[in-house]
Structure formats: structure tokens, C-alpha cells
Amino acid sequence: MASGPLAGLHVVLVPTWFPTPERPTGGRIFQEYVEAFTGAGARVGVLYPDLVDLRNQTIHAREAGYDERLKSMRLPRTLWPTLHEEMFFGAPVVRVRGLHTSLGKKERRIDRYAAWLRRAYAHYVARHGRPDILNAHCATPAGWAALRLAQNLNPRPRVVLTEHTGPFSLLWKPAGAMEPVLHERTLSACREADALAAVSDILVKEMREAGVDREIPVIPNAVSTLFRYAPPPSIERAASGKLRFRALYAGRFSKEKGIPELAHAIERVAQAPDVEVHWDFFGFADEGEREEEERLARVFSSGPAKGMGTLHGMQPREVVAPATRQAHFIVLPSHRDNCPLAVIEARSVGRPTVGTRDSGVEGYVEDGKDGLLCRVGDADDLTRAILELLRPYDRWNAREIASRAEARFSESAIAQQYAGLFSPRASATKI
């Protein structure tokens, strides 16, 4: 018999993003949620309306490896919405996949998402029974659609909304930044959910400014068990006599993630008289920001940092985890971040982080204890923080960094916090 804080509960996750052939890294956090909730005693399933945008599908279908991804995920080549059953780390998934054109109206996409969710739910219940909880991730489309589904069900499952990124940074900008229907559906999902959480303080702040007036506890993302404490690697000397370190970056190659100033800082650090840093980059560039990936490639192909970095592309966590253990520190100079997985994964291993203040990263890096912070968009201050972190490196207590992370981000810690949200008592705090 299952035991744990979620024992006896049947939880169905409703993602806004989930791995697809077009975006194989989309929604990769769901592995951790499945493992966390299952480990806490729950039965877990996933429902995903997989709306394939015509324009994006045309772009991605030309990419190398697209056909192989389609085959490996065993997804049909079809234009019509088709039910597909699969397994995701032990959890049954019902996906409805098909082509979608919205003609520029986002509410039409949300309407179709809701219709496909109803179809997926009916099929799931016939195979696996009725869930107690629909845990939607992101207010629109998943939260709004899950609430529309639940209102017609008897017995009605609790709808718990976990906001991850959301459109809240758009809602409180000048009028016209968002379609009114999308605005209303986003706020109504937050108002109507039986319980609500967000993954970061900065996201809560944006939600408040957008008009969400109720309790919003912060529950960060869980960290995979692959990322656990490991002693830091030894520090060797290069032929030049410099102390040699390894640094890691994981995430999008974009301006918002601070790639232009990081590229500049890498060249500056390469000229330091006493340290030598070799860089491992894991990630990808979105369409329209390929120049940032090209910028990094140029840094490592010529100039003072020539040969001192490798671009590995997007890799699974099974590859990133050992690379994190082999690194001495990570860098994430984001301009804005909700709950940066790279940071909490590195902390869970025991590695310090160079991050940015007033970006959201500071919510996950205590300056001087878990790493060092610098100003957003400031290449000189980023250079200063990297060099200061390494001089001396032995002041960082890897075991203590990992211990603090485990208490906050481990799957068991996250499941315990969700036990409170999933309980009907959480409704008493609703405003």
C-alpha cells in the first residue's frame, strides 16, 4: 500500500507545455513532478492537448532529426486531432495531437485546447478512473481549460493551479499589450482555482500587479534525484601555472539570459593572470536569436578564450547532471527568471552560482553563501563576480550548499508542500 503525504490521491497533471517533436525540451520539469508525487504515494497521470501550430510545424519539420523525434515519441503524422496513449516516467499520458491555426486570435487556441482536454479526460477516465486533483500548470490555457472541464464533472475534482511563467508580465503593461479575452481568462483561472501557487516571488509580484488578489504561496520546482551532493572536483594547474576551473551554463542562448555580457566576461576572465576557466554550454537558441549562439561560437574560436569552451547543444538531464558534478561553478546572468532549474540543480549538487540581482535569480542564490550576485546587463560586474568567486574557491562549502537546496527543492520537500495545496482545507484560504 502506498504511503507518504499524497497517499491515496489520484493526481492528473495538465501542462501548458510538454515534450513534443517540435519542442522536445518543452515542459521537461514534469518528470520531477511525476517522480515527486509518485514518491509521495499518489497515482499520477498527464493530459496534454498538443496543438501543433502550422507555421512552427513547417519550420521544425525542416530541422535535422525531426523525423527521428517523431518516430521515437511514436506520434502519428496526422493533421486531424488524434488520441495517443503513452507513458512518461511511469505515468500514463493521454495526448490529443493535431494541427491548429488560430488566425491570430489567442482565445481560439484556448477554446480548442479546452475542447481537446475534455476529449483526453474522457479517454483517461475510461482507462484509469476519475482523478481527485487536476493540477494545471499556467493559468492559460491549462488552468482556464481545467476549470471549464471540472465545472461539468460530478464528482468534481479539485483544480489546483501552479503558475510557472504565465503572461503576467504583459498584463500590467500599457493597454493593448494583451487581448482582453486572454486577460480575463487568465485572471478568472487564478480567481476560481481551488488553490493557487507560483514558483517564485518575482512571479507572485507580477501576479499581484496584474490583479490577482488571493493567497499565493511560493512552491519552487522540484529537482531530479540525479542532482544530489557530490564533492567538488580537484583544482589543477594549467601548463601556464594558472589554476584551472570548469564552469557550466545551461539554458537558452538569448539576450534575456545575458549571453552578450557573458560572452564579454568570458574574454575578460581569459586574460586573468592567475585563473583559467573552461566553459561547458548546454542549451539552444530560439528562432530569431541564433546570433547569440553564433556569438558564443566566435568567442571560443578566436581571441583570448579560443579553445576554452564547448557548445554541447540541448542535452538530457542524464548528460547535464554529471557535467554539473564536474564543474566548479555555474553562471546564469539572466535579466529575468522565475525558478531557474540550472541554479537549483547546481545548488543541489553543491556548486556555487554567479547570478544577477533584481532578476528573480536572487531568490535562489543567497549572496555570499550560495554564490555571488552581480548587476543585470553589466559585463564588467559579471567579470568581477566570476573572478571573486574563484579567489579563493575553497571558501565555498559544497555540502552546506547542497543541504540547504535539499531542504527546499528536493522531490520530497516539494511533495510535502503540495500535500497542503491538494487538501480541501486549502480552499479556506481562498479570497
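Throughout what follows, the structure given in this document is the object of discussion. Bear in mind that the values here come from a model prediction, so they are computed numbers and not experimental data.

Quick notes on the rules
Residues numbered from 1 in each chain as written. Predicted model: local features only at pLDDT ≥ 70, side-chain atom pairs only at ≥ 80, totals over all residues. Heavy atoms only, no water. Helix = DSSP H or I, 4+ residues; strand = E, 2+ residues; numbered from the N terminus. Rg over C-alpha atoms; globule rule 2.2 N^0.38 Å. Buried < 20%, exposed > 50% of the residue type's maximum accessible area, 1.4 Å probe, protein only. Contact = heavy atoms within 4.5 Å. Areas by Shrake-Rupley, 256 points an atom, 1.4 Å probe, with all protein chains shown as cover. 1 Å grid on protein atoms, 1.4 Å probe; cavity = no way out; pocket = protein on both sides within 12 Å on 5 of 7 lines; lining within 4 Å. Points joined across faces, edges and corners; volume = space filled by probe spheres on them. Pairing = 2+ DSSP bridges. Phe/Tyr/Trp six-rings, centres within 6.5 Å; stacked < 30°, edge-to-face > 60°. Lys NZ or Arg CZ within 6 Å of the ring centre and 35° of its normal. Axes fitted to C-alpha atoms, helices over the stretch in contact; angles between N-to-C directions. Nonpolar A, V, L, I, M, F, W, Y, C, P; charged D, E, K, R; others polar. Parallel < 35°, antiparallel > 145°, perpendicular 65-115°, else oblique. Disulfide = S-S within 2.5 Å.

**Here we look at the overall build of the protein**
Phase 1 of the analysis: Secondary structure assignment for the protein yields 15 helices and 14 strands.
Phase 2 of the analysis: On C-alpha atoms alone, the protein measures out to a radius of gyration of 22 Å, which is about the 22 Å that the 2.2 N^0.38 rule sets for 431 residues.
Phase 3 of the analysis: If one aligns the C-alpha atoms of the protein with their principal axes, the spans along those axes are about 70 × 45 × 45 Å.
Phase 4 of the analysis: Counting across all 431 residues of the protein, residues that qualify as buried make up 55%.
Phase 5 of the analysis: A sequence separation of at least 24 residues applies to 72% of the contacts in the protein between residues at least 6 apart.
Phase 6 of the analysis: Working note: accessible area of the protein is about 18,400 Å², and carbon and sulfur atoms make up 52% of it.

**Digging into empty space enclosed by the protein**
Phase 1 of the analysis: In this structure the tally under the stated criterion is 1 cavity of 30 Å³ or more.
Phase 2 of the analysis: The calculated volume of the largest cavity comes to roughly 30 Å³.
Phase 3 of the analysis: Surrounding the largest cavity, Ile-266, Val-269, Ala-270, Val-277, Trp-279, Phe-300, Ala-305 and Met-308 form its lining.
Phase 4 of the analysis: Mapped onto the lining of the largest cavity, the elements with two or more residues apiece are helix 9 (259-270) and strand 10 (275-284).
Phase 5 of the analysis: Per-element tally for the lining of the largest cavity: the top contributor is helix 9, with 3 residues.

**Notes on the pairing of strand 9 (residues 243-252)**
Phase 1 of the analysis: The pairing of strand 8 (residues 236-237) with strand 9 spans 2 bridges and is antiparallel. Its bridge partner lying in strand 9, Arg-237 is registered against Leu-243.
Phase 2 of the analysis: In textbook terms, the turn of a hairpin is the stretch between consecutive antiparallel strands, and for strand 8 and strand 9 this stretch comprises 5 residues, one of which, Gly-241, has a positive phi near 95°.
Phase 3 of the analysis: Direction of pairing for strand 9 relative to strand 10: parallel, over a ladder of 10 bridges.

**Digging into the packing of aromatic side chains**
Phase 1 of the analysis: For the coordinates displayed, the defined rule picks out 18 aromatic pairs.
Phase 2 of the analysis: Their ring planes at 45° and their centres at 6.1 Å tell us that Phe-30 and Tyr-33 sit as a pair that is tilted. On the criterion of helical spacing, the pair formed by Phe-30 and Tyr-33 is a turn pair, its members being 3 residues apart in helix 1 (residues 30-39). The burial state of Phe-30 is the same as that of Tyr-33; both residues are buried.
Phase 3 of the analysis: Ring plane angle 85° and centroid distance 6.0 Å describe the contact between Tyr-33 and Tyr-418, whose orientation is recorded as edge-to-face. One end of the pair, Tyr-33, is in helix 1; the other, Tyr-418, is in helix 15 (residues 411-422), with 385 residues separating them in the sequence. Tyr-418 shares its class with Tyr-33; the two are buried.
Phase 4 of the analysis: Here the aromatic cluster, defined as three or more aromatic residues joined through ring pairs, consists of Phe-18, Phe-30, Tyr-33, Phe-37, Tyr-48, Phe-88, Phe-89, Tyr-418 and Phe-422.
Phase 5 of the analysis: The ring of Trp-144 carries the charged tip of Arg-185 above its face, separated from the ring centre by 4.1 Å.

**Concerning the sheet that holds strand 1 (residues 10-14)**
Paired through backbone hydrogen bonds, the strands of a sheet run either parallel or antiparallel to each other.
Phase 1 of the analysis: In space, the 7 strands of this open sheet follow the order 3-4-2-1-5-6-7, with mixed pairing throughout. Only two strands of the sheet have a single neighbouring strand rather than two, namely strand 3 (82-88) and strand 7 (195-198). Taking each pair of neighbouring strands and ignoring which way they run, the sheet shows an average axis angle of 20°.
Phase 2 of the analysis: Sheet analysis places strand 3 next to strand 4 (residues 91-100), joined by 7 bridges and oriented antiparallel. Residue pairing across strands places His-84 opposite Arg-95, the latter belonging to strand 4.
Phase 3 of the analysis: Contacting strand 6 (158-163) and strand 7, helix 8 (residues 201-210) runs over the sheet at an angle of about 125° to strand 7.

**Concerning the layout of surface pockets**
Phase 1 of the analysis: Here the second largest pocket defines a volume of roughly 670 Å³.
Phase 2 of the analysis: For the second largest pocket, the lining is made up of 23 residues, of which Pro-19, Pro-24, Met-73, Phe-88 and Phe-89 are closest to its centre.
Phase 3 of the analysis: Listed by contribution, the elements that provide at least two residues to the lining of the second largest pocket are helix 3 (66-72), strand 3 and helix 11 (317-326).
Phase 4 of the analysis: Sort the elements by how many residues they give to the lining of the second largest pocket and strand 3 lands first, with 5 residues.
Phase 5 of the analysis: Residues belonging to the lining of the second largest pocket are distributed by class as follows: 9 nonpolar, 6 polar and 8 charged.

**Re the packing of helix 14 (residues 398-409) against helix 15**
Phase 1 of the analysis: Where helix 14 contacts helix 15, the axes come no closer than 5 Å and their chain directions differ by 30°. On the basis of their axis angle, the class for helix 14 and helix 15 is roughly parallel. The residues of helix 15 that touch helix 14, namely those facing Glu-406, Ala-407, Arg-408 and Phe-409, are Glu-411, Ala-413, Ile-414 and Gln-417.
Phase 2 of the analysis: Taken together, the residues that form the contact of helix 14 with helix 15 break down as 4 nonpolar, 1 polar and 3 charged.

**A word on helix 11**
Phase 1 of the analysis: Within helix 11, burial applies to Arg-317, Val-320, Ala-321, Ala-323 and Thr-324.
Phase 2 of the analysis: For helix 11, the secondary structure elements touched by its buried residues are helix 1, strand 9, strand 10 and helix 12 (341-349).

**Considering the pairing of strand 5 (residues 133-137)**
Phase 1 of the analysis: Extensive coverage of strand 5 is indicated by the burial of 5 of its 5 residues.
Phase 2 of the analysis: Here strand 5 shows a buried face lined by Ile-133, Asn-135 and His-137 and a second buried face lined by Leu-134 and Ala-136.
Phase 3 of the analysis: Summarising the sheet, strand 1 and strand 5 pair through 4 bridges and their orientation is parallel. Residue pairing for strand 5: Val-12 is matched across the bridge by Leu-134.
Phase 4 of the analysis: Note: strand 5 against strand 6, 5 bridges, orientation parallel. Within strand 6, the residue paired with Ile-133 across the bridge is Arg-158.

**Quick look at the state of the cysteines**
Phase 1 of the analysis: Enumeration according to the criterion identifies 0 disulfides in this entry.
Phase 2 of the analysis: Left without a disulfide partner, Cys-190 is nearest to the cysteine sulfur of Cys-138, which lies 8.8 Å away.
Phase 3 of the analysis: Cysteine Cys-339 is unpaired, with the sulfur of Cys-138 as its nearest cysteine sulfur at 15 Å.

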